[in-house]
Amino acid sequence: MEYRQLADSGLQVSAITFGAWAAGGWMWGKTDRNDAIEAIKASYDLGVTSIDTAPIYGQGDSEDIVGEAIKGLPRDKVQILTKFGMRWNLTKGSLAFKSKNNSGRDIDIYKYAGRESIIEECENSLKRLGTDYIDLYQIHWPDTTTPIAETMEAVSRLIQQGKVRYAGVCNYNAAQMKEAEETLKLASNQIPFSMVNREVENETVPYCVQYNKAVLAYSPLERGLLTGKMHAGQTFAEGDHRAGNKFFSDESIVRTNAFLEKIKPLAKSKNATLAQLVIRWTIERPGITIALVGARDAAQAIQNAQAINITLTPEDIALIDAHLAEM
């Protein structure tokens with residue numbers, strides 16, 4: 001495995017980090033808890049020491065699963081990345097969307113990052129994760145109802161108390177990052193990035209490069225679209241958010257698969273799957289620090305981790321980029 005430092009912080013994380021959204025089941029058509037735990041353990045055995053989770057993923061289930069999976073591991077050899085600011089049990093802030101929990105009950109999700117809420121969320125996360133500190137604490141989505149300074153002051157207090165090591169943000173634009181840094185130094189920004197979703201390269205990634213902030217790319221496989229296993233007419237389990245996602249329209253799937261067919265010979269020459277090729281390309285992309293990749297079971301986790309073994313030459317990358325430009 002390769003390890004990369006988050007900006008000028010003292011935190012080093014695995015270039016391929018385990019993304020634990022699907023592990024929580026919520027919005028993914030459910031996931032088997034034991035399979036998720038084994039996936040995390042299998043990843044760790046291959047050097048994936050960093051795990052990204054959030055309270056909202058399964059309304060605590062994902063953090064519980066992560067806590068169970070890392071029990072017994074040396075704490076200083078694991079990097080826990082979690083989040084705050086998405087509440088399903090508090091009606092404050094702005095309504096993000098309506099959903100159903102893993103039991104099928106209706107829930108309202110609010111974006112809220114007020115001071116006291118953050119302190120409460122942190123305590124709950126520490127309990128679920130079975131630890132006394134969080135390596136990277138990230139606001140999940142911008143909260144338009146709370147001043148950024150108030151949010152960052154709360155995280156700063158948690159850092160002073162030793163409950164959090166470093167602060168990050170998710171889904172912030174450049175202006176929001178700049179404002180946050182007037183109060184607290186940021187280590188990273190976690191943003192969506194994939195071969196077919198590169199909008200963040202216009203402004204946010206260049207800002208992070210200029211000011212030495214790590215970029216944590218989430219959904220690098222575009223929720224499974226870039227594995228080559230999706231087909232027109234694809235159906236999803238009840239509760240799977242991909243059913244209404246624009247990337248999973250028949251037109252998008254057909255167009256993406258045509259591109260994947262063009263790079264399949266390259267993957268074969270590397271003795272790699274398409275997914276592994278995509279993951280390796282992602283962490284080679286200028287400005288991208290690490291890729292967050294999820295897995296439902298140990299077999300998927302092992303395949304993801306082994307993407308680190310692929311070597312891409314400048315010519316390989318140029319070939320992929322040329323085919324991407326044709327999409």
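Note that the coordinates shown come from a computational prediction; the quantities given were computed from them, not determined experimentally.

(A) Up close: the overall build of the protein chain. Counting its regular elements, the protein chain contains 10 helices and 13 strands. Its C-alpha radius of gyration of 19 Å places the protein chain within 12% of the 20 Å reference for a compact globule of 327 residues. On the principal axes, the C-alpha backbone points of the protein chain span a range of 55 × 45 × 40 Å. Looking at the protein chain residue by residue over its 327 residues, the buried ones come to 55%. Put simply, 74% of the contacts in the protein chain that link residues at least 6 apart link residues at least 24 apart. Split by element, the accessible area of the protein chain, about 13900 Å² in all, is 47% carbon and sulfur.

(B) Broad picture of the packing of helix H2 (residues 61-70) against helix H3 (residues 115-129). Two numbers describe how H2 lies on H3: the axes approach to 7 Å, and their chain directions differ by 40°. The orientation of H2 relative to H3 falls into the category oblique. Between H2 and H3, the residues in contact are Glu63, Asp64, Val66, Gly67 and Ile70 and Ser125, Arg128 and Leu129, respectively. Of the residues contributing to the contact of H2 with H3, the split by class is three nonpolar, two polar and three charged.

(C) Representation of the packing of aromatic side chains within the structure. Tallied over the entire structure, the rule returns four aromatic pairs. On the numbers, 6.0 Å between centres and 5° between planes, the contact of Phe193 with Trp281 is stacked. You can see Phe193 sitting in the loop between strand E11 (188-192) and helix H6 (204-210) and its partner Trp281 sitting in helix H8 (residues 274-284), a full 88 residues away along the chain. Owing to a relative accessible area of 1%, Phe193 belongs among the buried residues under this scheme. Taking NZ or CZ as reference, Arg75 lies 4.0 Å from the ring centre of Tyr133, over its face.

(D) Spotlight on the pattern of salt bridges. Per the counting criterion, the structure on display carries 23 salt bridges. A salt bridge links Arg255 to Glu251, with the nearest nitrogen and oxygen atoms 3.7 Å apart. One end of the pair is Arg255 and the other is Glu251, both in helix H7 (residues 250-269) and four residues apart, which spans about a single turn. Taking relative accessible area as the criterion, Arg255 reaches 39% and is therefore assigned partly exposed. Owing to a relative accessible area of 60%, Glu251 belongs among the exposed residues under this scheme. Note that Asp316 is salt-bridged to Lys270, the shortest N-O span being 2.7 Å. Within this pair, whereas Asp316 is found in helix H10 (residues 314-325), its partner Lys270 is found in the loop between H7 and H8, the two being separated by 46 residues in sequence.

(E) Quick peek at the sheet that holds strand E5 (residues 79-84). Pairing in this closed barrel of eight strands is parallel, and the strands run E3-E4-E5-E9-E10-E11-E12-E13 around the ring. Each strand axis lies, on average, 30° off the axis of its neighbour in the sheet, ignoring direction. In the sheet, strand E3 (residues 16-19) pairs with strand E13 (residues 290-293) via three bridges, with the strands oriented parallel. Looking at the pairing, Ile16 lines up with Ala291 of E13. This element, helix H4 (residues 148-160), spans E5, strand E9 (134-139) and strand E10 (164-170) of the sheet and lies at about 155° to E10.

(F) Spatial organisation of the state of the cysteines. Taken as a whole and assessed by the stated rule, the structure comprises zero disulfides. Cys122 forms no disulfide, and the closest cysteine sulfur to it belongs to Cys170, at a distance of 15 Å. The exposure class assigned to Cys122 is buried, which follows from its relative accessible area of 0%. Here Cys208 stays free of any disulfide, with the sulfur of Cys170 as its closest cysteine sulfur at 12 Å.

(G) Geometry of the packing of H8 against H10. Close contact between H8 and H10 brings their axes to 11 Å; oriented N to C, the two are set at 100°. The orientation of H8 relative to H10 falls into the category roughly perpendicular. Two secondary-structure elements touch here, H8 through Leu277, Trp281 and Glu284 and H10 through Ile317, Ile320, Asp321 and Leu324. When grouped by side-chain class, the residues that make up the contact of H8 with H10 number five nonpolar, no polar and two charged.

(H) Region of interest: the environment of Tyr207. Positionally, Tyr207 belongs in helix H6. Sequence separation between Tyr207 and Asp297 is 90 residues, and the spatial gap between their C-alpha atoms is 36 Å. Here Tyr207 is in contact with Ala174, Met177 and Lys178, once residues within four sequence places are set aside.

Basis of the calculations
Residues numbered from 1 in each chain as written. Predicted model: local features only at pLDDT ≥ 70, side-chain atom pairs only at ≥ 80, totals over all residues. Heavy atoms only, no water. Helix = DSSP H or I, 4+ residues; strand = E, 2+ residues; numbered from the N terminus. Rg over C-alpha atoms; globule rule 2.2 N^0.38 Å. Buried < 20%, exposed > 50% of the residue type's maximum accessible area, 1.4 Å probe, protein only. Contact = heavy atoms within 4.5 Å. Areas by Shrake-Rupley, 256 points an atom, 1.4 Å probe, with all protein chains shown as cover. Axes fitted to C-alpha atoms, helices over the stretch in contact; angles between N-to-C directions. Parallel < 35°, antiparallel > 145°, perpendicular 65-115°, else oblique. Nonpolar A, V, L, I, M, F, W, Y, C, P; charged D, E, K, R; others polar. Phe/Tyr/Trp six-rings, centres within 6.5 Å; stacked < 30°, edge-to-face > 60°. Lys NZ or Arg CZ within 6 Å of the ring centre and 35° of its normal. Salt bridge = Lys/Arg side-chain N within 4 Å of Asp/Glu carboxyl O. Pairing = 2+ DSSP bridges. Disulfide = S-S within 2.5 Å.

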